[in-house]
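For reference, the chains in residue letters:
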Amino acid sequence: MKIGIIGAGNIGGNLTRRLTALGHDVSVANSRGPHTLTALAEETGATPVKVEEAARGAEIVVITVPTKAVPDLPAGLLDGAADGFAVIDTNNYYPKQRDGRIAAIEDEGLTESRWTERNIGHPVIKAFNGTYAQDILERPRPAGDPDRMALPVAGDDEAAKRKVRALIDDLGFDTVDSGGIDDSWRQQPDTPVYGLRAGIDAVTKALAEASSERPAAFRA
């Protein structure tokens, strides 16, 4: 599968490592330019590209940049992606720690991923946002393994969600459908499932126990 990854931090870098190891054709971009990705490209065989080129021909596009950087992504970012492509949003809103105040999230009550959708003009699937980056490399397990972790996945586009869940299965993790993007508050920071290293039953229980009230620590 052809996959474009926008953002080469901890999550983006480790997804690049795992996906190339599984035989996927990965293009990776960051805000500093492809010349800064030479080491990652040499390590993995991924193709370093400009942000504007990352989605070209991609069946899945991963957006894994700081939330505050989403509005600065270039217009036409997703032009040229493959028919029926899916977008994975790994982002979290950290107003005090990094992103500053985003009024649409705090005043309108938008979930973080609904806000991302509005900015990029395309539906997203929220996944990997509560996953420790190192677990992507160290915790894959075969299907049926009792120690296999499950990751929550939210989204409105059922076909895109199936595509993303299949990719996560390929990566070595189970998934739990956490609902639509308006329900994705269940996996935002400081919820019971955020950072949870557990299987399907525990992740399902944690999602059910989440509160829709944004914690004070994650309000500006």
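In this text, all values refer to a predicted model and were calculated from it rather than measured experimentally.

J.: Honestly, the nonpolar core in this entry has me stumped. Any pointers?
T.: Burial of nonpolar side chains together is a common tendency in soluble globular proteins. Counting 28 residues, the largest nonpolar core has Leu15 and Phe128 as the members making the most contacts within it. Secondary structure elements with two or more residues in this core: β1 (2–6), α1 (10–21), β2 (25–29), β4 (60–63), β5 (86–89), α6 (133–138), β7 (150–155) and α7 (158–171). In terms of residues, this core owes the most to one element, α7, which gives five residues. Look past the residues within four positions of Phe128 in its chain and what remains in contact with it is Ile11, Leu15, Ile88, Thr90, Ile136, Leu151, Ile168 and Leu171. Among the nonpolar cores identified, the runner-up in size contains 26 residues, and Ala55, Ile63, Val87 and Ala104 belong to it.

J.: Help me out: how do you make sense of the pairing of β1 in this one?
T.: Put simply, side chains in a regular strand alternate between the two faces of the sheet. Of all five residues in β1, four are buried; the element is thus mostly enclosed. Handedness of the crossover joining β1 and β2 through α1: right-handed. Here β1 runs beside β4; their pairing, made up of four bridges, is parallel. Each residue of the ladder has a partner; that of Gly4, found in β4, is Val61.

J.: Help me understand α1 in this model?
T.: One turn of the α-helix equals 3.6 residues, which is why residues spaced by three or four share an orientation. A rise of 1.5 Å per residue sets the reference length of α1, with its 12 residues, at 16 Å; its end C-alpha atoms lie 17 Å apart and thus fit the reference within 8%. Within α1, nine of the 12 residues are buried, which leaves the element mostly enclosed by the surrounding structure. Within α1, the full set of buried residues consists of Ile11, Gly12, Gly13, Asn14, Leu15, Thr16, Arg18, Leu19 and Thr20. Considering only its buried residues, α1 is in contact with β1, β2, α2 (38–44), β4, α6 and α7. One or two residues past the end of α1 sits Gly23, with phi positive at roughly 95 degrees.

J.: Could you clarify how one ought to interpret the packing of aromatic side chains in this entry?
T.: Applying the stated criterion across every chain yields a total of one aromatic pair. The interplanar angle of 50 degrees and the centroid separation of 6.0 Å between the aromatic rings of Tyr94 and Phe218 together place this pair among those described as tilted. Placement of the pair is Tyr94 in the loop between β5 and α3 (95–99) and Phe218 in the segment after α8 (200–208), with a sequence separation of 124 residues. Judged by relative accessible area, which is 11%, Phe218 ranks as buried.

Scoring rules and cut-offs
- Residues numbered from 1 in each chain as written.
- Predicted model: local features only at pLDDT ≥ 70, side-chain atom pairs only at ≥ 80, totals over all residues.
- Heavy atoms only, no water.
- Core = buried A, V, L, I, M, F, W, Y, C linked by side-chain atoms within 4.5 Å.
- Buried < 20%, exposed > 50% of the residue type's maximum accessible area, 1.4 Å probe, protein only.
- Helix = DSSP H or I, 4+ residues; strand = E, 2+ residues; numbered from the N terminus.
- Contact = heavy atoms within 4.5 Å.
- Right-handed = clockwise from strand over helix to strand, strands pointing away.
- Pairing = 2+ DSSP bridges.
- Expected span 1.5 Å × (residues − 1).
- Phe/Tyr/Trp six-rings, centres within 6.5 Å; stacked < 30°, edge-to-face > 60°.

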